[in-house]
Amino acid sequence: MSGQQRERNAAAALFERELELATAEQAVRRLCGHATEGRDRLGGLLLYSGEAGHGKTALLTELRRIAAEIGQCTVLFARGSESARSVPFHVVRQLLQPALAPLTESARQQLLSSWYDIAGPALGIAPPSGPQDPQGVRDGIDWLVTQLALKSEPVMLVIDDAHWADAESLAWLTAFTVRLREMPMLVVLAYRPRELPDHTPAFQDLVKDGRSSRPVELRALTPDAVAALVHAAFGSKADPPFCREVWAVTGGNPYEAVELIAKARDRDLKPTEESAALLRDLGASARGSGLVARLERLGTAATRFAWAAAVLGTEISPELAASLAGMGPAQGAECADKLRKARILTGAGPLEFVHPLIATAVYSAIPAATRTAMHGQAAWAVTEAGQGAAAASRHLLEVHPDHDAELVEQLRSAAREHLAVGAPDAARRCLERALREPPPEEERAAVLYELGCSALLTSLPATVNHLKTALALPHFPEELRVDATYRLSQAYAHSNRLEEAAEVVAVQAARTPPGPGRMRLQAAHYLWKGIQIEEEDAPARSRRIAELADHLRGRDNAERALLALRAFDGMLRGENALDVVGRVEHSLVEGRLATGMGWTNTEWGFELPSIIGISYAYTDRLDAAKEMFTEAVRAFEISGWSGAHLAFAHAFLGLVHRRLGDLEVAETVLREGLRLAARLGPGLPIHWDGTCLLIDTLLARGHVEEAQAVADENGFRAPYSPAVVLPDAACLAGRLMLAQGRTKEAIAELEAAGRRLEERGRHNTLWAPWALDLAIAVAPEDPERARTLADRAVRHAGRFGTDTAVGEALRLAAVVAGPEDALRKLDQAVGHLRRSPCAYEFAAALVDHGVALKRAGRAAEAADRLREGLELAENCGASGLVRTARAEIGVVRQEAVCQEAVREEAAHGEPVHGEAVHGEAVREEAGPAA
């Protein structure tokens, strides 16, 4: 197509688009033009919806021209392709590679920072280094685009035919659009509304709900607009019947109208009513079977070249198309020229079809057997060109199954490449296709194993199904059996199917000879059993793990895993904390995680390091716990694991800050963890941990209404998670009810929690403080029972032995004790908690002690305790405790004023009205606001 013809087509497609162009220009000027006036650069989202041929491409082309004319912004463009929908990050690469190409490798590394190795492979600028978490890759692309927008000019991302974009690009784009108003970036998308992809429901929601931006629908041209096009081509000679027929034949479709008018000119048709009857047949040649007939008239060679181009689909290399068509470069160039003149192809270097409608028609016209064969040849040619198995895979997916072992191996190789760029869905498609080939019987189990592993981060049900099937096959590789079983148990556990997780590893452990593999499976069995909240015969399981682990010294990772599990179980049971810490330290190497048991190691998973850190957190080793979970966050971010792993790391780091008394920091970290968890879907274990820890933190801060709001937003209600969560969910529910004054409900909840925990021998009063809270709840009606419950909890805390456990148990037990006993208990609590790293509990004990001292008439001591507690509570961010301390200090001060007034009255013999003095003290304490 000539430059003049292209301009005419673009101009025609912009007929009756004045309003759309004005809106677009206004958006571009907001993005770019305001920068010169010193105002904020405003981004946003523009959506253009229209059927094929309605001028979307012309509108986007004009928008890019406007941006170039205004200047001061970087325009990045990409186009979805029907034939490249299965190529991961195809659209993202089109968008970003032109911006990255001029940079040196060191400049790219500097721009991407720690995301270079994570997102670089997906962007095609760095070699793959192993499987990547898809969320991590998306976060890395977020970082890059943000840096481009903030470090230089505003950025405009323009994507045509977004309905054909690959799933990975659309997933990134959909998630990224929520941030557009935070930065100088405009995203412009054009798509066909009836062809939105099923693979990305979130993108459908984005363009349909209208909350981010209401789509602009491009409609067909009116008869007057088509008549104007006809007159532009034929002049005043065109009569109304001819113009009306052009509109009727094309339905006002801008592309088809331009093509029909061009063909009428080529045929030297007179633009009069006598020629109108010929337009319908002429219009048919622009689409469907008419286009195919027109192509065939160009000759067999040109037809085959067009077929080859349609199979290659995007960024068509003339040499590769010629090779695929079975001709030399010279003949290929001749065919390309013919197809350009016929307005089928355009371009010189990489070729492209003049319009996607033509590409679709040509591809559909290829005989099925020929099309399949050409895809096979294209896969071979792409591989020979050095583009790799992943690039060839989109062609291999189209080849008919034929028991080809070599093709199976190519698809498995492509799957590995897809996983290395964070595209597990693309890997899944390759491996599912490999199974349909089918593979040799002895390789089928291995393919299923790879398929199951590819879905571990994205689809737990698929992982379970594929790994179960693989393990049941007779030819499953024995060297993979332990690993496959372990991964299957992880998938069960992360789906809240803990009983099945424990069972599957127990069965395989019994069949596995003694050694590291068997111990790995045993460790997994005890892990999944140990975190079941409703575990049957928990004491017997605890005895068995003690028999296995108590003689171990951590000589290898299997022993270290069992020691970590033994420590965690002992912590939940409230065993001596020194023994718990000793086992934890034997599970480490010089105080650090052993090689092969790190946070991102897939052999043991992140669960074992997590329980080590949690055991530290509840045994007053908060410095070690903080170091571990800070390292977890860093390790997951560096590795791009931005899903459940990073969410858990934030939750457990939040636990540490909660125990330290950094309540504001804890709340911030925990909310970020819940935000990350929300991207994974509801009801998973991470939701329970994050929700419980955030509610517990908000209660410590005195924010009861916010705690209930978090509970409502995250479905915190019975039935609770089948897995152990931090703190225990039922105990926390009881504490929340108590804080709201729902005493009867709290009693029922706490009694049920106590029965369950007592049956299982779990007596940790910090993780599950049911007895102490229940004692406070029943004290008004049954003080004797309350004291019995509290005394038993104090004994359990003493057995555990940490200053935090003992001090907190004594503090809460004092609530239900007599005045003298309460004062003694609180004095002891303050002594223990002063040695504890848990600042909030210490502050609460100081305030409670101050109140008790005030009641005992020891005002001076009370004031000292209350002031110390107030200062510490303020540092913790415990606003509820701060209010209590200030109020009690005010009361102490008021009483002191009254007592002084009475003494003065006695000394001078003058009547002093005590009530007036008391009121004046109240006003003084309340301050000017009173």
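Quick caveat: nothing in here was measured; it's all calculated off a predicted structure. (Residues numbered from 1 in each chain as written. Predicted model: local features only at pLDDT ≥ 70, side-chain atom pairs only at ≥ 80, totals over all residues. Heavy atoms only, no water.)

Residue Pro438 is bonded to the preceding Glu437 through a cis peptide linkage, with omega at -15 degrees. Looking at the element boundaries, Pro438 is found in the loop between helix H23 (424–436) and helix H24 (441–454). For the bond from Leu726 to Pro727, the omega torsion is -15 degrees, close enough to zero to count as cis. Its location among the elements puts Pro727 in the loop between helix H37 (704–713) and helix H38 (729–739). If you check the backbone angles, Glu590 has positive phi at about 55 degrees while not being a glycine. Along the chain, Glu590 falls in the loop between helix H31 (577–586) and helix H32 (607–618). Residue classification places Glu590 among the exposed residues on the basis of a relative accessible area of 81%. (Helix = DSSP H or I, 4+ residues; strand = E, 2+ residues; numbered from the N terminus. Buried < 20%, exposed > 50% of the residue type's maximum accessible area, 1.4 Å probe, protein only.)

Okay, the confidence of the model for the protein chain next. Taken as a whole, the protein chain shows an average pLDDT of 89; of its residues, 94% reach a score of 70 or greater. Here residues 1–10 scores under 50 on pLDDT; set against residues more than four positions off or in separate chains, the count is 13 contacts. Below pLDDT 50 for its whole length, residues 914–930 participates in 15 contacts with residues either more than four positions away or in separate chains. (pLDDT = per-residue confidence, 0-100. Contact = heavy atoms within 4.5 Å.)

Quick look at the environment of Ala771 now. Of note, Ala771 is situated in helix H40 (residues 770–778). The class of Ala771 is buried, set by a relative accessible area of 8%. For Ala771 and Leu789, which are 18 residues apart along the polypeptide, the C-alpha to C-alpha distance reads 5.7 Å. Sequence-distant contacts of Ala771, defined by excluding residues within four places in its chain, comprise Leu789 and Ala793.

For the structure shown, the criterion picks out 14 aromatic pairs. Measuring from ring centre to ring centre gives 5.4 Å for Phe629 and Phe652, while their planes differ by 45 degrees; the resulting arrangement is tilted. In this pair, Phe629 is assigned in helix H33 (residues 622–639) and Phe652 in helix H34 (residues 644–660), connecting sequence segments 23 residues apart. The two residues Phe629 and Phe652 agree in class, both being buried. Geometrically, the ring pair formed by Trp688 and Tyr720 is edge-to-face, given 6.1 Å between the ring centres and 85 degrees between the ring planes. With a gap of 32 residues between them, Trp688 in helix H36 (residues 685–701) and Tyr720 in the loop between H37 and H38 connect regions that are remote in the sequence. For the pair Trp688 and Tyr720, one class covers both residues: buried. Taken together, the aromatic side chains of Trp599, Phe606, Phe629, Phe636, Phe648 and Phe652 make up a single cluster linked through ring pairs. (Phe/Tyr/Trp six-rings, centres within 6.5 Å; stacked < 30°, edge-to-face > 60°.)

Applying the stated criterion across every chain, the model contains 63 salt bridges. Between Glu450 and Arg412 there is a salt bridge, and its shortest N-O distance comes to 2.6 Å. Of this pair, Glu450 sits in helix H24 while Arg412 sits in helix H22 (residues 405–420); the two residues are 38 residues apart in sequence, bridging distant segments of the chain. For the pair Glu450 and Arg412, one class covers both residues: buried. For the salt bridge of Glu784 with Arg787, the shortest nitrogen-to-oxygen distance reads 3.3 Å. Taken together, the positions of Glu784 and Arg787, both in helix H41 (residues 783–800) and three residues apart, correspond to about one turn of that helix. When its relative accessible area of 32% is taken as the criterion, Arg787 is described as partly exposed. Among the charged side chains, a network of salt bridges with common partners joins Glu409, Arg412, Arg416, Glu443 and Glu450. (Salt bridge = Lys/Arg side-chain N within 4 Å of Asp/Glu carboxyl O.)

Before going further, it helps to examine the pairing of strand E1 (residues 44–49). Consecutive residues of a regular strand have side chains that alternate between opposite faces of the sheet. Across the six residues of E1, six count as buried, placing the element largely inside the fold. Residues Gly44, Leu46 and Tyr48 line one face of E1 and the alternating positions Leu45, Leu47 and Ser49 line the opposite face, and both faces are buried. Across six bridges, E1 lies against strand E4 (residues 185–191) in parallel orientation. Bridge pairing in E4 places Leu46 opposite Val188. Across two bridges, E1 lies against strand E5 (residues 216–217) in parallel orientation. Paired with Ser49 across the bridge in E5 is Glu217. (Pairing = 2+ DSSP bridges.)

Here the focus is the side chain of Lys56. With respect to the helices and strands, Lys56 occurs in helix H3 (residues 56–70). Put simply, Lys56 is tucked away with no salt bridge, and the nearest opposite charge, on Asp161, sits 5.0 Å away. Polar contacts involving the side chain of Lys56 include one to the main-chain carbonyl oxygen of Glu51, which spans 3.0 Å. Not counting residues up to four positions away in its chain, the partners in contact with Lys56 are Tyr48, Ser49, Gly50, Glu51, Asp160, Asp161, Ala190, Tyr191, Arg192 and Leu218. (Lys, Arg positive; Asp, Glu negative; His and termini not counted. Polar contact = N/O pair within 3.5 Å; in protein donor to acceptor, adjacent residues only side chain to side chain.)

All right, on to the nonpolar core then. Counting 192 residues, the largest nonpolar core has Phe305, Trp528 and Phe716 as its most contacted members. Not counting chain neighbours up to four residues away, the residues in contact with Trp528 comprise Ser489, Gln490, Ala493, Leu498, Ala501, Ala502, Val505 and Glu607. Membership of the second largest hydrophobic core comes to 48 residues, among which are Leu76, Val91, Leu100 and Leu111. (Core = buried A, V, L, I, M, F, W, Y, C linked by side-chain atoms within 4.5 Å.)

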